[in-house]
Amino acid sequence: QWALVRSARSGIGAFIEVLRALAPVREHNVLRALVERLDMLDLLTKDSGDREARLKLRKLVAGLLEDQLAELGFEPRPGESQNDVQRRALLISALGSLARVEHVIAAAKRFSGIEQQDPLAVDPNLAGVFVAVAAKFGDETDFDRWVRTFIERKQAGRTPQEVARYLHTLSVFRRPGLPERTLSLIEEGSIPQEALAQALGQLLAYRHSQEAAWRFFCDRWNLLRERVGDMGLSRVVEAVGRLTARHREEIVRFFERNTPSGAERALMRALERMDQHAELSARVTPELLTYLRKL
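Since the structure is predicted, the reported quantities are computational estimates derived from the model, not experimental observations.

Caption draft 1: Just the packing of helix α2 (residues 12-22) against helix α15 (residues 264-293), in detail. The interhelical angle for the contact between α2 and α15, taken along N-to-C directions, is 55 degrees, at an axis separation of 9 Å. When the interaxial angle is binned, α2 and α15 end up oblique. Touching I12, G13, I16, E17 and R20 of α2 are V284, E287, L288 and Y291, all from α15. Grouping the constituent residues of the contact of α2 with α15 by class yields 5 nonpolar, 1 polar and 3 charged.

Encoded structure:
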């Protein structure tokens with residue numbers, strides 16, 4: 001159904017009805033696909049600037065998924081299936097980050113606080129989700145705590161998973177000035193070289209940080225080329241395709257002056273992705289907003 005929308009053979013309203021029909025399914029792979037599509041609808045709505053429609057979408061997502069989380073709860077149950085383990089993590093992420101349900105955000109903050117004190121006190125399948133949701137709604141004090149936890153765990157030789165929970169959620173902080181602080185950590189070398197491409201790629205992808213990340217990308221191009229290596233370079237070059245289409249000409253001009261040797265295909269993929277998203281957005285957003293306003 002999504003392919004039909006992408007190819008202009010079906011409308012977005014009909015697709016949302018498909019999502020509604022699939023929402024009660026308790027299979028985690030179905031739920032994962034559902035959440036991915038809802039996230040895309042949220043991006044389209046966000047880019048439209050229509051606040052009312054975006055609030056309607058959040059309400060829709062909450063209505064579709066809250067019953068499933070109420071059924072599972074926030075903590076694992078003895079003997080539960082792997083399907084339920086994965087389903088719970090998806091639901092907490094969607095209801096916290098996407099629908100912004102207050103009690104889910106509050107639970108994420110509470111459990112992330114517990115995890116910071118003792119990383120083994122929270123189920124490992126949920127720890128990263130709680131930390132990510134809490135980071136999205138965190139402030140400057142929380143950011144400082146994330147950085148401190150990351151550094152302390154890295155120096156103490158904690159497991160990669162326990163370190164990465166904090167390293168790879170620094171980019172999620174949305175408060176003004178915090179994306180720039182994460183970029184400063186990259187420049188000063190506090191973020192390990194092996195994680196640099198992923199961290200910068202995340203900052204280029206998120207709407208709240210991508211303008212600052214693109215400026216950093218252009219200003220620090222030579223530094224980045226030296227530090228990320230060939231594979232990392234392709235990754236960050238492809239990530240510029242997540243910028244909005246108004247940057248397209250600027251991106252082309254930049255890489256005409258700075259040839260991305262070894263990452264030419266990544267640049268082609270980035271521009272293709274940008275063009276496809278721009279076309280999709282222009283075509284389906286009006287219908288999407290009309291649908292949401294009627295809810």
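Back to the text.
Caption draft 2: Summary view of the pattern of salt bridges. All chains considered together, the criterion is met by 21 salt bridges. For D84, the salt bridge identified is with R87, shortest N-O distance 2.9 Å. Highlighted residues: D84 and R87, both in helix α5 (residues 82-98), separated by 3 residues, approximately one helical turn. Through salt bridges with shared partners, a single network forms among R26, E71, D84 and R87.

Caption draft 3: How the structure looks around the nonpolar core. In this structure, I12, L41, L65 and L95 are the most contacted members of the largest nonpolar core, which totals 50 residues. Counting residues per element, the ones that place at least two in this core are α1 (2-6), α2, α3 (28-48), α4 (51-72), α5, α6 (102-117), α7 (124-136) and α15. Those residues in contact with I12, other than ones at most four positions away along the chain, are W2, V5, L41, V284, E287 and L288. Judged by nonpolar contacts, the second largest core, of 48 residues, contains A135, F150, F217 and L271.

Caption draft 4: Highlighting the environment of L38. Within the secondary structure layout, L38 lies in helix α3. Linking L38 and L98, residues 60 residues apart in sequence, is a C-alpha distance of 8.3 Å. Not counting residues up to four positions away in its chain, the partners in contact with L38 are L19, L57, V61 and L98.

Caption draft 5: Looking closely at unusual backbone geometry. Positive phi, normally seen in glycine, also occurs at A8, with a value near 65 degrees. With respect to the helices and strands, A8 occurs in the loop between α1 and α2. For A8, a relative accessible area of 48% corresponds to the partly exposed category. Here the phi dihedral of R100 falls at roughly 55 degrees; this positive angle occurs in a residue that is not glycine.

Caption draft 6: Seen up close, the packing of α4 against α15. Here α4 crosses α15 at 65 degrees, and the two axes come no closer than 9 Å. One element, α4, and the other, α15, form an angle in the roughly perpendicular class. Here α4 runs over α15; the crossing is left-handed. Facing A53, K56 and L57 of α4, the residues of α15 in contact are L289, L292 and R293.

Caption draft 7: The arrangement of helix α10 (residues 178-188) in detail. Among all positions of α10, only L178, P179, T182, L183, L185 and I186 are buried. Down the axis of α10, the buried side of the element spans an arc of 150 degrees, and every buried residue falls inside it. Buried residues belonging to α10 abut α8 (140-156), α11 (193-205), α12 (210-219) and α13 (221-239). G189 sits one or two positions beyond α10 and adopts a positive phi of about 90 degrees.

What counts and what doesn't
Residues numbered from 1 in each chain as written. Predicted model: local features only at pLDDT ≥ 70, side-chain atom pairs only at ≥ 80, totals over all residues. Heavy atoms only, no water. Axes fitted to C-alpha atoms, helices over the stretch in contact; angles between N-to-C directions. Helix = DSSP H or I, 4+ residues; strand = E, 2+ residues; numbered from the N terminus. Parallel < 35°, antiparallel > 145°, perpendicular 65-115°, else oblique. Contact = heavy atoms within 4.5 Å. Nonpolar A, V, L, I, M, F, W, Y, C, P; charged D, E, K, R; others polar. Salt bridge = Lys/Arg side-chain N within 4 Å of Asp/Glu carboxyl O. Core = buried A, V, L, I, M, F, W, Y, C linked by side-chain atoms within 4.5 Å. Buried < 20%, exposed > 50% of the residue type's maximum accessible area, 1.4 Å probe, protein only. Left-handed = near helix turned anticlockwise from the far one by under 90°. Arc of directions from axis to C-beta.

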